[in-house]
Amino acid sequence: MEGKNVQNPYLPYPVRIDDITVEAEDKSLKTFKFVFLNAGDEEKFAYRAGQFAELSIPGKGEIPIGIASSPVEKGFVKFTVNRAGVVTTHLHNMKVGDVMGLRGPLGNSYPWDLLEGKNVLIVGGGFAFTTLRSSIVYMLDPKNRSKFGNIDVVYGARSPGMLLYKDELVAWEKRDDINMHITVDATTDPDWKYNVGFVPPVTEQKAPQGGDDTYAIVCGPPIMIKFTQPVLEKLGYDHDHIIMSLENRMKCGFGMCGRCGIGKELVCKDGPVFTLRQINQTPREY
Amino acid sequence: MTLITLDTKSWAAGLTAAADAYRLFGPVREDACHTFKALEKGKTPDLDMVNTRLSPKALIFPQSDIILEYSLDESREDHHIMREVQKDVTPRAVVGIRPCDAKATALVKLNFDAPDVKDPYWLAAYEATTFVGVACDAPLSTCFCTTAGCGPYSEEGLDILVMQKGDGFLAKILTDKGRAFAKAAGWNPASGDLAAFEAGKAAAEKKMVSAVQTDHLEAADLLALHNAPFWEKTAFACLNCGTCTFSCPTCWCFDLQDEVAGKSGVRLKNWDSCMFPIFTVHTTGHNPRETKVQRVRQRFMHKLKYFVDKYKTGIMCVGCGRCVRQCPVNIDIRKVCEEMNRFNPADACAVRD
């Protein structure tokens, strides 16, 4: 094509499904591990925690999904996908070895430069924990851990069986450089060792106070976000210290197709990560 | 800048000669309306029109464009691997484009030719195209280009601007692309009278009867405008048919879709419209712009506020008037612009009971 130096942003990198993990007891969530077919593509796909990509299935279409693997993990990229529509349902029926496309990385990321030297509170609910997992793995990496202050994580799911990345959660629980506050809405498991309750009240009880040196990253279903916001305000978090990742229907993912706009900002390109202060200045059409 | 005077014969002969080096497109009469089409060899564009029903944006941004292709045949080495589709990017020229539509192309370029990411399909088509515009001497009552950052003799986005003068033409060569086209047409430069252009321009501008005021849009508070009380009334009659967005030369929103026949598949880039509920609906069924009021507001806020704030180059409208003429329920962007431009949140509170 003309403009030979221009990278075609519509063209996905070919990838192969290397592994599939069923994450949730109801089988609605699977983690797909992809490896790049072509040498050099992994380097071109260099990403930061909080970015997303378009999973591109020939004949079906594309779906924007947050990157669940971490930039410090090499040799693969991972996405945890909820089975919901045409593309994700098809993806759930694919098998190890199948070839598809991956387009990205897309969007901004969590503001890692800003977060350096700061305490970080992570509040996550349900399957929105994916880019938070990416962030935690990034911060806990031996090369990075000293760059951050205290790390607190409030993570809740409907039941123990719906929690993502259970092995890692257990491992993080045992560490002394991260404070885990795992919770479930309810459980009948007599051996459940962690919290029971919704994310907002657990946040209120367990999360550190806000302040100049503390930022909260919040990612979860709308109802969790709605009730977590006043809790964080009460704990002293300013609106520019509350960082959120938005979702909207997307197609291109790089700011051209027009549908994901929330006012003059595009969720795909100017986001998906915004501070609450920034979001308050938009018409909040998400 | 070079001027060329042409009689009808040299105009036609020039276009025939240029057709050896360029694929020519121009307005052609089809039934009651004009439309931009490839010109058959020896045919000149039909300039006996005010403007085409649809803008020529499809020449650069086709309504449906195959961008990628792939095979699902697992016996093939490259099955499920997407490939770029090769496009015909040989030189072409759009002859007879109006200045409003040329300016619109320049506005759309802001979207597809962003500093950090480029749409290679749009750009390749744009770069391959020479824009030979014909000035507008008989604007319609719905035209308001002169107050929409454009004008009947506007040169922005054009390589050559031609005015009809007596039985012939006066052409102003504006760019290198324009010079190359004039050379291919065998048009000899440096004969003509700039004063005639100025007179034509002044006369055409004088005929404009319609205007918008946009001076307060940038300073207006975005959220206050978004929450203004007039949107319900503005959207009341809207059918969400999408005619406004499809006929608009500056609307650029698109969809990506896959189509498969047998084992072969393609990915398409298709025009889309913010008027359609499916444009924004989430897989969960949640729709951030569920009501038509929200969608109508989105269209006007995008054109007259978000774009203004984002690019600082004025409104995302060139005043061609197509949406005004073709809206089946007479929603008029000039009136909406007027309401938005004069909106004062304090007044809105005062008159509300």
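Everything numeric in this text was worked out from a predicted model, so none of it was measured.

1. A closer look at unusual backbone geometry
Residue and element names in this part refer to chain A.
Here is step 1: Between Gly-104 and the following residue, Pro-105, the backbone shows a cis peptide bond with an omega angle of -5°.
Here is step 2: Among the structural elements, Pro-105 can be located in strand E6 (residues 99-106).
Here is step 3: Residues Gly-271 and Pro-272 are joined by a peptide bond in cis, for which omega reads 10°.
Here is step 4: Relative to the elements of secondary structure, Pro-272 occurs in the loop between strand E14 (265-266) and strand E15 (273-275).
Here is step 5: At Arg-284, a residue that is not glycine, the phi angle is positive and equals roughly 55°.

2. Notes on the domain arrangement of chain A
All names here are of chain A.
Here is step 1: If you check the domain split of chain A, you get domain 1 (13-105) and domain 2 (112-245).
Here is step 2: The gap between the C-alpha centroids of domain 1 and domain 2 is 24 Å.
Here is step 3: Contact with domain 1, which involves 17 residues of that partner, is made by 14 residues of domain 2.
Here is step 4: Among the residues making up the side of domain 1 that touches domain 2, the classes are represented as seven nonpolar, six polar and four charged.

3. Overview of helix H1 (residues 8-18) of chain B
Residues and elements named next belong to chain B.
Here is step 1: Inspection of H1 places Trp-11, Gly-14, Leu-15 and Ala-18 among the buried residues, and these make up the whole buried set. Down the axis of H1, the buried side of the element spans an arc of 95°, and every buried residue falls inside it.
Here is step 2: Of the surrounding secondary structure, the elements contacted by the buried residues of H1 are strand E1 (2-6), strand E2 (23-30), strand E6 (92-97), strand E9 (168-173) and helix H4 (176-185).

4. As for the pairing of strand E3 (residues 52-57) of chain A
All names here are of chain A.
Here is step 1: With respect to burial, E3 is a largely interior element, six of its six residues being buried.
Here is step 2: Here E3 shows two buried faces, one formed by Phe-52, Glu-54 and Ser-56 and the other by Ala-53, Leu-55 and Ile-57.
Here is step 3: With six bridges joining them, E3 and strand E4 (residues 61-66) adopt antiparallel strand pairing. Paired with Ala-53 across the strands is Ile-65, a residue of E4.
Here is step 4: Two successive antiparallel strands, E3 and E4, enclose a turn made up of three residues, where Gly-59 displays a positive phi of approximately 90°.
Here is step 5: Of the strand pairs in this sheet, E3 and E6 are connected by four bridges, and their pairing is antiparallel. The partner of Glu-54 across the bridge, within E6, is Arg-103.

5. Some details on the nonpolar core
Here is step 1: Grouped together as the largest cluster of nonpolar side chains are 169 residues, with contacts concentrated most on Ala-216 and Ile-217 of chain A.
Here is step 2: Ranked by residue count, the leading element in this core is helix H9 (residues 292-311) of chain B, at seven residues.

6. What to know about the interface of chain A and chain B
Here is step 1: With 36 residues of chain A in contact, the opposing surface of chain B contributes 46 residues.
Here is step 2: Only E4 and E6 of chain A provide two or more residues apiece to the side of chain A that touches chain B.
Here is step 3: The element that contributes the greatest number of residues to the side of chain A that touches chain B is E6 of chain A, accounting for three residues.
Here is step 4: In terms of residue class, the side of chain A that touches chain B is built from 17 nonpolar, eleven polar and eight charged.

7. Brief notes about the environment of Gly-149 of chain A
Here is step 1: Locating Gly-149 of chain A in the fold gives a position in the loop between helix H4 (130-140) and strand E8 (151-157).
Here is step 2: Spatially, the C-alpha atom of Gly-149 of chain A lies 22 Å from that of Ser-245 of chain A, the residues being 96 residues apart in sequence.

8. Some thoughts on the domain arrangement of chain B
Residues and elements named next belong to chain B.
Here is step 1: Annotation of chain B at the domain level lists domain 1 (2-50 + 86-206) and domain 2 (222-351).
Here is step 2: Of note, the centres of domain 1 and domain 2, computed from C-alpha atoms alone, are 28 Å apart.
Here is step 3: The interface of domain 1 with domain 2 comprises 17 residues on the first partner and 15 residues on the second.
Here is step 4: Within the side of domain 1 that touches domain 2, the residues separate by chemical class into eleven nonpolar, four polar and two charged.

9. Digging into the sheet that holds strand E11 (residues 214-219) of chain A
Residue and element names in this part refer to chain A.
Here is step 1: With mixed pairing, seven strands are arranged side by side in an open sheet as E10-E9-E8-E7-E11-E12-E15. Two strands close off the open sheet at either side, each with one partner strand: strand E10 (195-196) and E15.
Here is step 2: Alignment of E11 against strand E12 (residues 242-245), held across three bridges, turns out to be parallel. Bridge assignment links Ile-217 to a residue of E12, and that residue is Ile-243.
Here is step 3: Docked against the sheet, helix H6 (residues 199-206) engages strand E7 (119-125), E8, strand E9 (179-184) and E10, running at close to 155° with respect to E8.

10. Remarks on the sheet that holds strand E10 (residues 254-261) of chain B
All names here are of chain B.
Here is step 1: Taken in spatial order, the four strands make up an open sheet running E5-E4-E11-E10, and their pairing is antiparallel. Among the strands making up the open sheet, the edge pair consists of strand E5 (83-84) and E10.
Here is step 2: Pairing geometry for strand E4 (residues 64-71) and strand E11 (residues 264-271), over seven bridges, is antiparallel. Its bridge partner being in E11, Glu-69 is matched across the sheet by Val-266.

11. Quick word on the pairing of E11 of chain B
Residues and elements named next belong to chain B.
Here is step 1: In terms of strand pairing, E10 meets E11 through eight bridges, oriented antiparallel. Within the sheet, the bridge partner assigned to Asp-258 lies in E11 and is Arg-267.
Here is step 2: Count of turn residues in the E10/E11 antiparallel hairpin: two residues, of which Gly-262 carries a positive phi of about 60°.

12. Quick word on H4 of chain A
Here is step 1: Buried residues dominate H4 of chain A, accounting for ten of its eleven residues.
Here is step 2: Those residues of H4 of chain A that sit buried are Thr-130, Thr-131, Leu-132, Arg-133, Ser-134, Ser-135, Ile-136, Val-137, Tyr-138 and Met-139 of chain A.

13. Considering the packing of H9 of chain B against helix H11 (residues 333-342) of chain B
Residues and elements named next belong to chain B.
Here is step 1: Relative orientation of the contacting elements H9 and H11 amounts to 60°, with a least axis distance of 11 Å. Judged by the angle between their axes, H9 and H11 are oblique. As H9 runs across H11, the sense of the crossing is right-handed. On the side of H9, the interface is formed by Phe-300, Leu-304 and Lys-305, while H11 contributes Ile-333, Val-336, Cys-337 and Met-340.
Here is step 2: Looking at the contact of H9 with H11 residue by residue, the classes come out as six nonpolar, no polar and one charged.

Thresholds applied
- Residues numbered from 1 in each chain as written.
- Chains lettered and ligands numbered in written order.
- Predicted model: local features only at pLDDT ≥ 70, side-chain atom pairs only at ≥ 80, totals over all residues.
- Helix = DSSP H or I, 4+ residues; strand = E, 2+ residues; numbered from the N terminus.
- Domains from an automatic or database assignment.
- Contact = placed C-beta atoms within 7 Å.
- Nonpolar A, V, L, I, M, F, W, Y, C, P; charged D, E, K, R; others polar.
- Buried ≥ 20, exposed ≤ 12 C-beta atoms within 10 Å, placed from the backbone.
- Arc of directions from axis to C-beta.
- Pairing = 2+ DSSP bridges.
- Core = buried A, V, L, I, M, F, W, Y, C linked by C-beta atoms within 7 Å.
- Axes fitted to C-alpha atoms, helices over the stretch in contact; angles between N-to-C directions.
- Parallel < 35°, antiparallel > 145°, perpendicular 65-115°, else oblique.
- Left-handed = near helix turned anticlockwise from the far one by under 90°.

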